[in-house]
Amino acid sequence: MTNSDYLLKAAIKKVTEKLNEILVDKIEEATNIAQDAPEILKKEFDSLKESIIDEASRMKKAENIQENESANTYQDSKIKKALDEIEGINKQIDLFNKTKNK
């Protein structure tokens, strides 16, 4: 074998070893990531779920406040109408009493 043959075989051997080393490192790295991925995804999903629940709760509270304000406005208008009717009745009673006393 010539020196060139040894150099070529040595180069192929060393390149193969280096590629195998890189491949093993990358496979280990990918394995670690794959092992951590379910936990990371679970945490992200739990966080998303919690924020959705919080937003739904906030929206419900906002709607309840709006409904209460609408109900209060409706009740206030009913109370005002009843008070106006009572005042009208009181005026009629006063008029009746005045005409009766004359």
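Residues numbered from 1 in each chain as written. Predicted model: local features only at pLDDT ≥ 70, side-chain atom pairs only at ≥ 80, totals over all residues. Heavy atoms only, no water.

Caption draft 1: Spatial organisation of the overall build of the chain. A count of helices and strands for the chain gives 1 helix and 0 strands. Over its C-alpha trace the chain gives a radius of gyration of 43 Å, far above what one expects of a compact globule, namely 13 Å for 102 residues. When its C-alpha atoms are laid out on the principal axes, the chain stretches across 145 × 20 × 5 Å. Relative to its full complement of 102 residues, the chain shows a buried share of 0%. Accessible surface for the chain amounts to roughly 9700 Å². Of this, 60% is attributable to carbon and sulfur atoms. (Helix = DSSP H or I, 4+ residues; strand = E, 2+ residues; numbered from the N terminus. Rg over C-alpha atoms; globule rule 2.2 N^0.38 Å. Buried < 20%, exposed > 50% of the residue type's maximum accessible area, 1.4 Å probe, protein only. Areas by Shrake-Rupley, 256 points an atom, 1.4 Å probe, with all protein chains shown as cover.)

Caption draft 2: The arrangement of a nonpolar patch on the surface in detail. On the surface, V15, L19 and I22 cluster together into a nonpolar patch covering about 270 Å² of accessible area. Turning to its location among the elements, V15 is positioned in helix α1 (residues 3-101). (Patch = residues over 30% accessible without salt bridge, like charges linked within 9 Å, V, L, I, M, F, W, Y side chains within 5 Å. Salt bridge = Lys/Arg side-chain N within 4 Å of Asp/Glu carboxyl O.)

Caption draft 3: Quick peek at the pattern of salt bridges. As enumerated under the stated definition, the model contains 7 salt bridges in all. Here K14 and E17 are joined by a salt bridge, their closest N and O atoms 3.4 Å apart. Placement of both K14 and E17 in helix α1 is noted, with a separation of 3 residues, approximately one turn of the helix. Under the relative-accessibility criterion, E17 is labelled partly exposed at 36%. Of the charged contacts in the structure, one is a salt bridge between E87 and K91, with a shortest N-O distance of 3.7 Å. Here E87 and its partner K91 are both found in helix α1, 4 residues apart, which amounts to about one turn of the helix.

Caption draft 4: Examining the environment of E21 more closely. With respect to the helices and strands, E21 occurs in helix α1. Each C-alpha atom, one on E21 and one on D84, is 93 Å from the other, the two residues being 63 residues apart in sequence.

Caption draft 5: Looking closely at the environment of Q75. Considering the arrangement of structural elements, one finds Q75 in helix α1. By relative accessible area, which is 46% here, Q75 ends up partly exposed. With 61 residues separating them along the chain, Q75 and K14 place their C-alpha atoms 89 Å apart.

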